[in-house]
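Residues per chain, in single letters:
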Amino acid sequence: MKIPPSDMLRKVPWHILVFAFSMYVIIFGLHNIGLTNLLISLVNPLIHNGMLNASLLMGGVMTSLSIFFNNHPALMIGTMTLTEMPLDPLTLRISYLASVIGSDIGALLLPIGTLASLIWFHLLRKHRVKITWDDYLKVTMIVIPPTLIFTLILLPLWVQWIY
């Protein structure tokens, strides 16, 4: 293509890459100071009360974390938490899948929840298309919660049917 690497390096949105790397550093720091241990102590007694409870609980926790930490770092915390909990294989599957669902769908509630939303906002602004956080929230607050709850309720039924 005869495009020099320097051209690519100039066009990379470095502020987004720095943001993503910073999130991972923060997550490992929070893990090291005991966030996963705190989550284990809060979630472990409640997650054993049935598959639906495990799905809704882990999906809700990951949604909350992904809104503040971004979806991928939140899923890292969820995975570290689940791997340190003594769960039977079926509950572990449901909990992990609920974590993925909560961190990916739930993260869309706020633009900061996913890197893709941040890049999307950046590209729109670059092309002079103005979408405010207010506009974004008006749509996501209507669409995301019912979608998330519906998916998390169906998850245990689907996993039990498969296994």
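Just so it is clear, the model here is predicted, and its values are computed rather than measured.

**Thoughts on the pattern of salt bridges**
Step number 1: Applying the stated criterion across every chain, the model contains 2 salt bridges.
Step number 2: Notably, a salt bridge pairs Arg10 with Asp7, separated by 3.3 Å at the nearest N-O pair. In this pair, Arg10 and Asp7 are both assigned in helix H1 (residues 5–11), 3 residues apart and thus about one turn of the helix distant.
Step number 3: Classification of Arg10 as exposed rests on a relative accessible area of 62%.
Step number 4: You can call Asp7 buried: its relative accessible area is 17%.
Step number 5: A salt bridge links Asp7 to Lys11; the nearest nitrogen and oxygen atoms lie 3.2 Å apart. Taken as a pair, Asp7 and Lys11 lie in helix H1 at a separation of 4 residues, close to a single helical turn.
Step number 6: Taken together, the shared-partner salt bridges in this structure form one network comprising Asp7, Arg10 and Lys11.

**What to know about the packing of aromatic side chains**
Step number 1: In total, this model carries 3 aromatic pairs according to the counting rule given.
Step number 2: Arranged with centres 5.5 Å apart and planes meeting at 85°, the rings of Trp120 and Phe121 form a pair that is edge-to-face.
Step number 3: Judged by its relative accessible area of 38%, Trp120 falls in the partly exposed class.
Step number 4: An angle of 50° between the planes, with centres 6.5 Å apart, marks the rings of Trp120 and Tyr136 as tilted. Here Trp120 is found in helix H7 (residues 115–126), whereas its partner Tyr136 is found in helix H8 (residues 133–162), with 16 residues between them in sequence.

Cut-offs and rules
- Residues numbered from 1 in each chain as written.
- Predicted model: local features only at pLDDT ≥ 70, side-chain atom pairs only at ≥ 80, totals over all residues.
- Heavy atoms only, no water.
- Salt bridge = Lys/Arg side-chain N within 4 Å of Asp/Glu carboxyl O.
- Helix = DSSP H or I, 4+ residues; strand = E, 2+ residues; numbered from the N terminus.
- Buried < 20%, exposed > 50% of the residue type's maximum accessible area, 1.4 Å probe, protein only.
- Phe/Tyr/Trp six-rings, centres within 6.5 Å; stacked < 30°, edge-to-face > 60°.

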